[in-house]
Amino acid sequence: MALKLLGRSTSINVRKVQWTLAELELDFEQEETAGDDLRTPAFLALNPNGMIPVLIDGDLVLWQSHAICRHLAMREGRTDLLPSSGAERAHVEQWMDWLASELNRAWSYAFQALVRKAPGRDDPEAVARSVAEWNRHMRMLDEQLARTGAYVVGPRFTLADVVLGLAGYRWTMTPMERPSLPAVDAWMSRLAARGPYRKYGGNGMP
Ligand SMILES: N[C@@H](CCC(=O)N[C@@H](CS)C(=O)NCC(=O)O)C(=O)O
């Protein structure tokens, strides 16, 4: 049975899953679920949070983009993208969790204000604080990439690069002051060599 992905392609979290599916060369059907579709009883039965992405893999219904990416890599036995154990696995998960819990919190206000122009996100001081926090977190990523000299966790491309690659691209696409981060720039050029990144990551959408 074909894998089914629910969610609009403008969502950064949906794009993480699309990029992972493409790295794994898996065919999938997609429904561009958005807006009021997320509040229907049928959708809420799949994801009570009323959020995208949702993946349907046979009897398995899964939400949370990072859990979906990990499931797909494990399903295909791709221990290069998600090592089965040990320090490398722990570090892939650490950086994925760091994005979900720290980096996302840092950029949220600035991105909603500067790119989405969301109502109520128009306090210049809050924007400035969010930009400063976003840049501080990106400096941390830059230092890590300078240490590895290649990808987020080490010499190999992993799921940490997928999820953080989208965040890095969003950072470059948001109209704001940014420090020069040479290791981030070099890493993003490395990512740009990958077809799945060009299709779903650095594809013109912030
Ligand atoms: N932690 C969740 C966050 C999901 C999330 O925030 N999804 C957004 C789109 S990026 C959403 O569903 N927003 C509601 C909407 O689009 O109406 C994940 O990683 O899947």
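Describing the overall build of the chain
Scanning the chain for helices and strands turns up eight helices and four strands. Scanning the chain from its N terminus toward the C terminus, one meets helices and strands in the order β-α-β-α-β-β-α-α-α-α-α-α. For 206 residues, the compact-globule formula gives about 17 Å, and the C-alpha radius of gyration of the chain, at 17 Å, lands near that figure. Reported as C-alpha extents along the three principal axes, the dimensions of the chain are approximately 45 × 40 × 25 Å. Here the chain holds 206 residues, and the buried ones make up 33% of them. Within the chain, residue pairs in contact and separated by at least 24 positions form 66% of the contacts whose partners lie at least 6 positions apart.

Concerning helix α1 (residues 12-23)
End to end, α1 covers 16 Å across twelve residues, agreeing with the expected 16 Å (1.5 Å per residue, within 8%). Counting buried residues in α1 gives ten out of twelve residues, a clear majority hidden from the surface. Turning to α1, the residues buried within the fold contact β1 (3-6), β2 (28-31), β3 (54-57), α3 (65-75), α6 (159-173) and α8 (195-200). Where α1 ends, the next residue or the one after it, Glu25, has phi of about 55 degrees, a positive value.

Observations regarding the site of the ligand
By nearness alone, every residue bordering the ligand is listed as Ser11, Ile12, Asn13, Ala34, Gly35, Leu38, Met51, Ile52, Pro53, Gln64, Ser65 and His66. Sorting the residues of the shell around the ligand by element identifies α1 and α3 as the ones contributing at least two each. Considering only residue class, the shell around the ligand consists of six nonpolar, six polar and no charged.

Description of the packing of helix α4 (residues 86-114) against α6
Between α4 and α6, the shortest axis-to-axis distance is 9 Å and the interhelical angle comes to 15 degrees. As judged from the angle between their axes, α4 and α6 are roughly parallel. Crossing angle aside, the handedness with which α4 passes α6 is left-handed. From α4, Val92, Trp95, Met96, Leu99, Leu103 and Phe111 reach across to α6, where they touch Leu159, Ala160, Val163, Leu164, Ala167 and Arg170.

Some thoughts on the environment of Ala183
Here Ala183 is to be found in helix α7 (residues 182-192). Residue Ala183 is classed as partly exposed on the basis of its C-beta count, with 18 C-beta atoms lying within 10 Å. Placed 44 residues apart in sequence, Ala183 and Arg139 show a C-alpha to C-alpha distance of 9.4 Å. Leave out the neighbours within four places in its chain, and Ala183 touches Asp142, Leu145 and Ala146.

Focus on the domain arrangement of the chain
Looking at the chain, the domain boundaries give domain 1 (3-75) and domain 2 (86-194). Using only C-alpha atoms to locate each centre, domain 1 and domain 2 end up separated by 22 Å. Listed per partner, the contact involves nine residues of domain 1 and seven residues of domain 2. The biggest single contributor to the side of domain 1 that touches domain 2 is α1, with five residues. Split by residue class, the side of domain 1 that touches domain 2 holds four nonpolar, two polar and three charged.

A look at the sheet that holds β3
In space, the four strands of this open sheet follow the order β2-β1-β3-β4, with mixed pairing throughout. Looking at which strands have only one partner, the edges of the open sheet turn out to be β2 and β4 (60-63). Across this sheet, the average inter-strand angle for adjacent strands is 20 degrees, counted without regard to direction. Alignment of β1 against β3, held across three bridges, turns out to be antiparallel. Considered in β3, the bridge of Leu5 is made with Leu55.

About the criteria used
Residues numbered from 1 in each chain as written. Predicted model: local features only at pLDDT ≥ 70, side-chain atom pairs only at ≥ 80, totals over all residues. Helix = DSSP H or I, 4+ residues; strand = E, 2+ residues; numbered from the N terminus. Rg over C-alpha atoms; globule rule 2.2 N^0.38 Å. Buried ≥ 20, exposed ≤ 12 C-beta atoms within 10 Å, placed from the backbone. Contact = placed C-beta atoms within 7 Å. Expected span 1.5 Å × (residues − 1). Near = placed C-beta within 6 Å. Nonpolar A, V, L, I, M, F, W, Y, C, P; charged D, E, K, R; others polar. Axes fitted to C-alpha atoms, helices over the stretch in contact; angles between N-to-C directions. Parallel < 35°, antiparallel > 145°, perpendicular 65-115°, else oblique. Left-handed = near helix turned anticlockwise from the far one by under 90°. Domains from an automatic or database assignment. Pairing = 2+ DSSP bridges.

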